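Now for the letters of each chain:
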Amino acid sequence: MNIMLFHSTYGLRPAVHAAADRLRAAGHQVQVPDLFDGRTFDTVEEGMAHQEEIGRDELLKRAVLASAPHSDQGLVYAGFSFGGSLAQHLALADEKARGLLLLHGTADLEDGASVDELPVQLHIADPDPFEPHDWLTAWYLRMQRAGADVEVHSYPGAGHLFTDPDLDDYDAEAAEEAWRTAVGFLDSL
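Residues numbered from 1 in each chain as written. Predicted model: local features only at pLDDT ≥ 70, side-chain atom pairs only at ≥ 80, totals over all residues. Heavy atoms only, no water.

Draft legend 1. The overall build of the protein, seen in detail. For the protein, the count of helices and strands is 6 helices and 6 strands. Secondary structure elements of the protein, listed N to C terminal, follow the sequence β-α-β-α-α-β-α-β-β-α-β-α. In summary, the protein has a C-alpha radius of gyration of 15 Å against a globular reference of 16 Å for 189 residues, a match within 12%. Dimensions of the protein along its principal axes, counting C-alpha atoms only, are 40 × 35 × 35 Å. For the protein, buried positions account for 52% of its 189 residues. In the protein, 63% of the contacts between residues at least 6 apart in sequence involve partners at least 24 apart. (Helix = DSSP H or I, 4+ residues; strand = E, 2+ residues; numbered from the N terminus. Rg over C-alpha atoms; globule rule 2.2 N^0.38 Å. Buried < 20%, exposed > 50% of the residue type's maximum accessible area, 1.4 Å probe, protein only. Contact = heavy atoms within 4.5 Å.)

Draft legend 2. Spatial organisation of the sheet that holds strand 1 (residues 2-6). One open sheet holds the 6 strands; their spatial order is 2-1-3-4-5-6, and the pairing between them is parallel. Bordering the open sheet on either side are strand 2 (29-31) and strand 6 (149-156), each of which pairs with just one other strand. The average undirected angle you get between the axes of adjacent strands in this sheet is 15 degrees. Running over the sheet, helix 4 (residues 82-93) touches strand 1, strand 3 (75-80) and strand 4 (99-103) and is turned about 155 degrees from strand 3. (Pairing = 2+ DSSP bridges. Axes fitted to C-alpha atoms, helices over the stretch in contact; angles between N-to-C directions.)

Draft legend 3. Structural context of the nonpolar core. Counting residues in each nonpolar core, the largest one holds 31 residues, and the members touching the most others are F6, Y77, L100, L118, V120, W139 and M143. At the level of secondary structure, the elements contributing two or more residues to this core comprise strand 1, helix 3 (56-67), strand 3, helix 4, strand 4, strand 5 (119-126) and helix 5 (133-146). Per-element tally for this core: the top contributor is helix 4, with 6 residues. Excluding its chain neighbours within four sequence positions, the residues that come into contact with M143 are Q88, L92, L100, L109, V120, A148 and V150. Within the second largest apolar cluster, 23 residues are counted, among which are L5, A20, V30 and L101. (Core = buried A, V, L, I, M, F, W, Y, C linked by side-chain atoms within 4.5 Å.)

Draft legend 4. Spotlight on the packing of helix 1 (residues 14-25) against helix 6 (residues 172-188). Closest axis-to-axis distance for the helix 1/helix 6 pair is 11 Å, and the angle between their directions is 45 degrees. Our classification of the angle between helix 1 and helix 6 gives oblique. Considering only the axes of helix 1 and helix 6, their crossing is right-handed. Listed contacts from helix 6 to A19, R22 and L23 of helix 1 are E176, W179, V183 and L186. Considered class by class, the residues forming the contact of helix 1 with helix 6 number 5 nonpolar, no polar and 2 charged. (Parallel < 35°, antiparallel > 145°, perpendicular 65-115°, else oblique. Left-handed = near helix turned anticlockwise from the far one by under 90°. Nonpolar A, V, L, I, M, F, W, Y, C, P; charged D, E, K, R; others polar.)

Draft legend 5. Region of the structure containing helix 1. In this model, helix 1 (12 residues) spans 16 Å end to end at C-alpha, consistent with the 16 Å of a helix rising 1.5 Å per residue. Within helix 1, the full set of buried residues consists of A15, V16, A19, A20 and L23. Seen from one end, helix 1 has its buried residues packed into an arc of 140 degrees, which puts them on one side. Among the exposed residues of helix 1, those oriented more than 90 degrees off its buried face are P14 and A25. Of the surrounding elements, those touching the buried residues of helix 1 are strand 1, strand 2, strand 3 and helix 6. One or two positions beyond helix 1, positive phi appears at G27, with a value near 100 degrees. (Expected span 1.5 Å × (residues − 1). Arc of directions from axis to C-beta.)

Note that all results are geometric; they support no functional claim without further evidence.
Structure representation (structure tokens):
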């Protein structure tokens, strides 16, 4: 499977490269574009300030440009938190998308979004300060109405970015379960 993996608001950190290596070891081809031009951040606040500085439209443009050379192959779009929101936008706009793997984040859906049974898997902390229960319920229903085949896996007590071993959010048990489930999902596509 060809996977386009987008980093979180922290930037292209070692955990993103480690995730890509894990997926490559499972037999997948993985691209990890750097949407922040080499900048990484120690706090969510710093990363979000940088995102705002660049602007959402520019970040989407960078994500599209990174994906375009690979999209004819039928990509699985994937991302961490903020990167998941970008992945979701691209997957819903790409008729050749093979799947969507969301780790720690979602995005609002455009009105009239429609896909043909796009396989979607979300891994989310429970509770997650950036993805409250009401939001997730509405997101799930809107994704289903759009035609996606959605699975949600929640991890009670885990921190927001629980798969990143360099952050306080890290939860080794939840991370291993998420990766095991995600690799199974990718293998099924």
